[in-house]
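Observations on the model geometry
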Amino acid sequence: MESIKLQLQGEDSFPVQEAYKVLRTNLLFCGQDIHVVAVTSCMENEGKTTICLNLAKSLAELNRNVLVIDADMRKSVMAGRDTTAKNVVGLSEMLTGMNSLGECLYKTQYETLQVMFAGKYPPNPVELLNGKYFQQLLNELRKHYDYIIIDPPPLGEVIDAAVVAPCCDGTILVLGDKNVRKKQMQDVVEQLRKSGSKILGVVRNNIRGKDRRYYYRKGEYGYR
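Let's shift gears to the overall build of the chain. The number of helices and strands found in the chain is 8 helices and 10 strands. For the chain, the C-alpha radius of gyration of 16 Å lies close to 17 Å, the compact-globule estimate for 224 residues. C-alpha atoms of the chain, sized along the principal axes, occupy 50 × 35 × 30 Å. Residues counted as buried form 54% of the 224 residues belonging to the chain. Long-range pairs, those at least 24 residues apart, make up 77% of the contacts in the chain between residues at least 6 apart in sequence. Entry remark: accessible area of the chain is about 11,000 Å², with carbon and sulfur atoms responsible for 47%.

As structure tokens, then:
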């Protein structure tokens, strides 16, 4: 298994890391049956990938075995922006049988945290995620990891997250763009509900100025 290094935004910021611990704690309080979690958003650039990786790191710090799956097989930035990985294979190669599971998993500098990247962009990402092999993959991975955090594309733009969500134990919605309209958010929530997904809560991201403070309420976590 190849080793890569994660390059996490906010890793050296005490307030940011404390906020992730709040998010981690609230996830743990969601129940002992919550092990596979999708994290989606309404639009691009709301910070869901950063939140996925930092939440996974925070869970790994509790000595949990954690896997992050990059399920954005359309426009992923995780490998190139957030890690040192080069020329990776990942989920698309796994689901099409081109590579084995072991070839698609990457160790990180955190002993109990591993990553599966999206891989090369296929022409049919929804069909791959909706096929039997994705569910079979998750069933197998559940045997080896305490938590699996899945990072699909924004649900306000493409349907992929609604396809992934029913395979998970719950979904977290990230709101990080002040330009997201109430109707957009309502549509995304309704789509998740139609898919049968359990919505675990909402993460408020990119809070600035007078709204920037350390707080949390049920289903809502605030940090920059």
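We are not done yet, so read on.
Attention shifts here to the nonpolar core. Core analysis: the largest hydrophobic core is formed by 61 residues, its most contacted members being Ile69, Leu91, Phe117, Phe134, Ile149 and Ile150. Broken down by element, this core gets its largest block of residues, 7 residues, from helix H2 (residues 48-60). Setting aside residues up to four positions removed in sequence, Phe134 forms contacts with Leu91, Leu95, Leu128, Leu129, Ile150, Val164 and Cys167. In terms of nonpolar packing, the next biggest core, distinct from the first, is built from 11 residues, Ala162, Ala165, Leu175 and Val180 among them.

Residue position: Gln184 is located in helix H8 (residues 182-194). Through-space distance from the C-alpha of Gln184 to that of Gly156 is 6.8 Å; in sequence the pair is 28 residues apart. If near-sequence neighbours (up to four positions away) are discounted, Gln184 is found in contact with Cys42, Met43 and Asn179. There is a polar contact of 2.8 Å between the side chain of Gln184 and the backbone nitrogen of Arg181.

A word on H2. Compared with an ideal rise of 1.5 Å per residue, which puts 13 residues at 18 Å, H2 spans 18 Å between its outermost C-alpha atoms and is within 8% of the ideal. For H2, a buried count of 13 out of 13 residues is recorded, marking the element as mostly surrounded by other parts of the structure.

Moving on to the environment of Tyr20. Counting through the fold element by element, Tyr20 comes out in helix H1 (residues 14-28). Sequence spacing of Tyr20 and Ser58 is 38 residues, and the spatial spacing of their C-alpha atoms is 6.8 Å.

Bringing the environment of Cys30 into the picture now. Of note, Cys30 is situated in the loop between H1 and strand S2 (36-41). Residue classification places Cys30 among the partly exposed residues on the basis of a relative accessible area of 23%. The spacing of Cys30 and Gly170 is 140 residues in sequence and 9.3 Å in space, taken between C-alpha atoms.

Bringing the pattern of salt bridges into the picture now. Applying the stated criterion to the full structure yields 10 salt bridges. The partner of Arg74 in a salt bridge is Asp160, with the nearest N and O atoms 2.9 Å apart. Of this pair, Arg74 sits in the loop between strand S3 (66-70) and helix H3 (78-82) while Asp160 sits in helix H7 (residues 160-164), placing them 86 residues apart in sequence. Take Arg74: its relative accessible area is 36%, and that puts it in the partly exposed class. Residue Glu93 pairs with Lys120 through a salt bridge whose shortest N-O separation is 3.9 Å. Pair noted here: Glu93 is in helix H4 (residues 91-95) and Lys120 is in the loop between strand S5 (113-116) and helix H5 (125-130), with a separation of 27 residues, a long-range link. Taking relative accessible area as the criterion, Glu93 reaches 3% and is therefore assigned buried. Judged by relative accessible area, which is 55%, Lys120 ranks as exposed.

Each value, and the rule that gives it
- Residues numbered from 1 in each chain as written.
- Predicted model: local features only at pLDDT ≥ 70, side-chain atom pairs only at ≥ 80, totals over all residues.
- Heavy atoms only, no water.
- Helix = DSSP H or I, 4+ residues; strand = E, 2+ residues; numbered from the N terminus.
- Rg over C-alpha atoms; globule rule 2.2 N^0.38 Å.
- Buried < 20%, exposed > 50% of the residue type's maximum accessible area, 1.4 Å probe, protein only.
- Contact = heavy atoms within 4.5 Å.
- Areas by Shrake-Rupley, 256 points an atom, 1.4 Å probe, with all protein chains shown as cover.
- Core = buried A, V, L, I, M, F, W, Y, C linked by side-chain atoms within 4.5 Å.
- Polar contact = N/O pair within 3.5 Å; in protein donor to acceptor, adjacent residues only side chain to side chain.
- Expected span 1.5 Å × (residues − 1).
- Salt bridge = Lys/Arg side-chain N within 4 Å of Asp/Glu carboxyl O.

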